[in-house]
Structure formats: structure tokens, C-alpha cells
Amino acid sequence: MALELVTAGESHGREMVAVLSGVPAGLRLDREAIDHELSRRQHGHGRGGRQKIEQDRVDLRAGLRDGVTLGSPLVLAIANRDWENWSRVMDPWAVEEEAAARRRLTSPRPGHADLAGAWKYDHTSDLRNVLERASARETAARVAAGAVCKQLLARCGVQVRSGVLALGGVTLLDGPPSFADLMKVNDRSPLRTVAPAREAELVALVDRAKHDGETLGGVVGVVARGVPPGLGSYARWEDRLDGQIAQVVMAVQAVKAVAIGAGIETPSLPGSAAHDAILPGAAGLRRGSNRAGGIEGGVSNGEEIVVRGFMKPISTLREPLPSVDLATGKATTAAYERSDVTAVPACGVIAEAAVAFVLTRALLAKFGGDSIGDTLAALRAFRRRLGKLRPAGFVAP
Ligand code: EPS
């Protein structure tokens, strides 16, 4: 069965929920490791007041017994502590008079889902009906599911890391990162960058932006090491691994571009400098470089999978941009309640979870497994089949 993920929950509703189905039975899960991923996502200089309220913890509601997966869908819930302050505004069963008396949001924020979402779902009378779900709070559920995927991947010898490569126009690492670059990231540092020694400079930049009522975007890198070759497929366009990765990383709120390997640098290179030589050796095949970012023809090639996500500045601005009041049709400025100055460090953690989900889905599609033992057995058999012509780094657990 294919790995599938559905998330639910409104930003100021009761909770965020992830339903993850297709995880093999027999996988022991570490609850603290899931909570650790949730706290990594919340961390980062430049987050707003909301993160002082939330302390995300997973509540595993179904699919697990004695800490081990049952092969049935997993339900992971993360409470919204802010719900307490919003239970009237977000009451699922408010009576009509109460609902009618509420303050309505009718001035869409340029760059946010507000206007397009209002048109689409007929929510022009109250943009809260859009923004509650469009909010990046939803990514808590994706990170919880990704944390499960990361544990499955680790059993299969795959590690995924992330870090900030650029923030607010300051580039700390040019070009695609390697796993070794991301080893330099300290999750406890203020901005989770690949150059912790330069973070003081960036913290000052974030503080200046906050003072000016500005927001900042940036670039995040995700690298997966130990990925078996053969994940994804060239045979059906929708199975191409690079396409799947681009989709899930682009689907992280505020991400506007995705690159695989040297994806955005290669167009200006001659063909002879854009690819990766294949070098046979006693331990298997090595590559002269990794410009492909671990994927050729939509299939993993055993090298590090290298992804970059490009995040625009958050669109909720303290000094709002011109907008329209949908109640009157008159010019006004966009609504503002509160917001983050930057969430680029969080974006890295979320992109990491998204990549982990796709890699897990592709790994289970190739190796199958109603139980984790079946998955591992198929992985080892595949490695044996490749013999000496396998990628030198392909070490099945
Ligand atoms: C968000 C707006 C802010 C962020 C939120 C995403 O929330 P609020 O409207 O409550 O101030 O803090 O992110 C989270 C709550 C989170 O946990 O990541 C938005 O509009 O996308």
C-alpha cells in the first residue's frame, strides 16, 4: 500500500492532526525523537509571539501499540495551546447570532492565500476561513509525520539533514550543499545556518527587519545520505523522484522555487561540466562530482540527494501593503494581527520532513513491506543483486 499523508487542523483550532497510512508494521517509534523534530521546527530567531505560546508535543492516537507500529494508519495530533484564547472565534458549533457578532477579516494580505482562497471557497465575508488553514501552523503536522518517516529511513540506513544557506540576501553557502556542509548546522544556534560563526551578523539583520516592520526570506538546503539507488522511476512521469521532491518542498508555505543538485547553476555550464563522471573501483562505482544531486532520470543514483528550497519573505507585514476591503470594495491596507519576521530556519526543518516523506514513499514503493523486516530483506536482496556494480556508498543495514 502506498504511503499517504493527510493533515487537518486550523491554526487556532483545537489541534493539528496528521494521518499517515502505509507505514509497515514492526517499526519501533521513539516519541522523544518526534517531539525533538517538533521543537526544531518551532525554534529560530525571528519567530513571533505565537511560538511563546505553543510547545508542540505529539499525541499518538492510533496505529501504535507498545511503541511499535501495527501496520494500520498512524494518527498524530499536536494540540494548539492558543486554542484556549480562540475557542469562541473558532468554535465549530457557534450559533448563528454569535458567529454574526464576530469581527470579520475582509482586507486580504498581498502574497498570502487570503484573496485567491476567498474567491475559490466563497469566503469573501471572512478571510479567517482561509487563513486559518493556509497558515504555516499546519506544518507541525507534516513535521510529526516526517519524524516517523525519518525513523523508518534511519532503519534503512538513510539520514536526512537541513540547514539555512542564505537569509535576507546574505548568502552563507553558494551553490548546492553537501551532507558535510549540513553537519555544521547547530540546531540550538539562533538561525540553524551552515555558518554558525556568522549568525550574530544575521541575528542583527533580523532584529533590524523587526524594527523596520519588515520580513525576510532565504534559502534552505536538505541533503539525504545513504539513499539506495533505484528510488523513483523514469517510466511514469509522476513517479520521477525529483518531480516528487519538488512538489512537496514547493508545497511548504512561502517556498517559491526548488532546485535539485546544481539545478539552478547548470543552465549556464557547458555539458561537459554539468554532469558527474562514473568511476569504477574495487568498492563499487564512484562519481566524480554530484551535480545531479543524487537523481538521474528521475531515479536515485546512490549519491547524496541534494535539495534547495527558496523561501519568499513572509507576507504578513506590520506596515501593510495596499489592499481592498472586500466588504465595501474600497481601497485600504491589508489586515495585520501579529507575525514572524522570518521562518527560514523552520522552513529547513519542514522541507527536511517533506523530503523524508517522499523518500520513504519511494523506498516503500520499491521494496514494499507489510512489515519492516520484509522491507529490510528486500533492500538487502537488491544490494546483493547489484553486486560490485553498486554505488560505492550503498551500504544496506
Ligand atoms: C502564521 C502566522 C503566525 C505564525 C504561524 C504561521 O501565527 P499567529 O497568526 O498565531 O500569530 O506563528 O506559525 C505557527 C503558529 C507555527 O507553529 O508555525 C501564518 O500566517 O502562516
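Preceding this section is the structure that the text describes.
My aim in this report is to walk through the structure given alongside it, one point at a time. (Residues numbered from 1 in each chain as written. Predicted model: local features only at pLDDT ≥ 70, side-chain atom pairs only at ≥ 80, totals over all residues. Heavy atoms only, no water.)

**Side note on the packing of helix 7 (residues 139-155) against helix 11 (residues 344-367)**
Across the interface, helix 7 lies against helix 11 with an axial gap of 8 Å and an inter-helix angle of 50°. The orientation of helix 7 relative to helix 11 falls into the category oblique. Taken as a pair, helix 7 and helix 11 cross one another with a handedness that is left-handed. Judged by residue contacts, T139, R142, V143, G146, C149, K150, L152 and L153 of helix 7 engage V349, I350, E352, A353, A356, F357, L359, T360, L363 and L364 from helix 11. The residue makeup of the contact of helix 7 with helix 11, split by class, is twelve nonpolar, three polar and three charged. (Axes fitted to C-alpha atoms, helices over the stretch in contact; angles between N-to-C directions. Helix = DSSP H or I, 4+ residues; strand = E, 2+ residues; numbered from the N terminus. Parallel < 35°, antiparallel > 145°, perpendicular 65-115°, else oblique. Left-handed = near helix turned anticlockwise from the far one by under 90°. Contact = heavy atoms within 4.5 Å. Nonpolar A, V, L, I, M, F, W, Y, C, P; charged D, E, K, R; others polar.)

**Regarding the site of the ligand**
Near the ligand, the surroundings consist of H12, R41, R47, R50, Q51, H112, S135, A136, R137, R338 and D340. A distance of 2.5 Å is found between an oxygen atom of the ligand and a side-chain nitrogen or oxygen belonging to R338. Taking 470 Å² as the accessible area of the ligand by itself, protein coverage stands at 88%. Classifying every residue of the shell around the ligand gives one nonpolar, four polar and six charged. (Near = heavy atom within 4 Å. Polar contact = N/O pair within 3.5 Å; in protein donor to acceptor, adjacent residues only side chain to side chain. Areas by Shrake-Rupley, 256 points an atom, 1.4 Å probe, with all protein chains shown as cover.)

**Remarks on the sheet that holds strand 8 (residues 170-171)**
Within the open sheet, the five strands sit side by side as 8-7-9-15-10. Their pairing is antiparallel. At either end of the open sheet lies a strand with only one pairing partner, and these are strand 8 and strand 10 (255-260). Relative to strand 15 (residues 305-311), strand 9 (residues 218-225) is paired through seven bridges, and the arrangement is antiparallel. Among the inter-strand pairings, V219 is bridged to a residue of strand 15, identified as F310. (Pairing = 2+ DSSP bridges.)

**Thoughts on the pairing of strand 11 (residues 278-281)**
Where strand 11 meets strand 12 (residues 284-287), four bridges bridge the pair, whose relative direction is antiparallel. Across the sheet, G281 pairs through a bridge with G284, a residue of strand 12. With antiparallel pairing between neighbouring strands as the criterion, strand 11 and strand 12 make up a hairpin whose turn holds two residues.

**Examining the nonpolar core**
Among the nonpolar cores identified, the biggest contains 91 residues, and L20, L76, L241, I245 and I305 are the most heavily contacted of them. Ranked by residues supplied to this core, first place goes to helix 11 with 17 residues. Every residue in contact with L20, bar those within four places of it in the chain, is listed here: L3, E4, L5, P73, L74, L76, A145, V148, C149 and F357. With five residues, the next largest nonpolar core counts L105, A118, V130 and L131 among its residues. (Core = buried A, V, L, I, M, F, W, Y, C linked by side-chain atoms within 4.5 Å. Buried < 20%, exposed > 50% of the residue type's maximum accessible area, 1.4 Å probe, protein only.)

**Some points on the pattern of salt bridges**
Per the stated rule, a full pass over the model turns up 26 salt bridges. Between E352 and K150 there is a salt bridge; the shortest N-O distance is 2.3 Å. Note that E352 is positioned in helix 11 and K150 in helix 7, a separation of 202 residues in sequence. We classify E352 as buried; its relative accessible area is 1%. By relative accessible area, which is 17% here, K150 ends up buried. By sharing partners, the salt bridges in this structure join R41, R50, E54, D56, D82, R137 and R338 into a single network. (Salt bridge = Lys/Arg side-chain N within 4 Å of Asp/Glu carboxyl O.)

These values are about where atoms sit, not about what they do.
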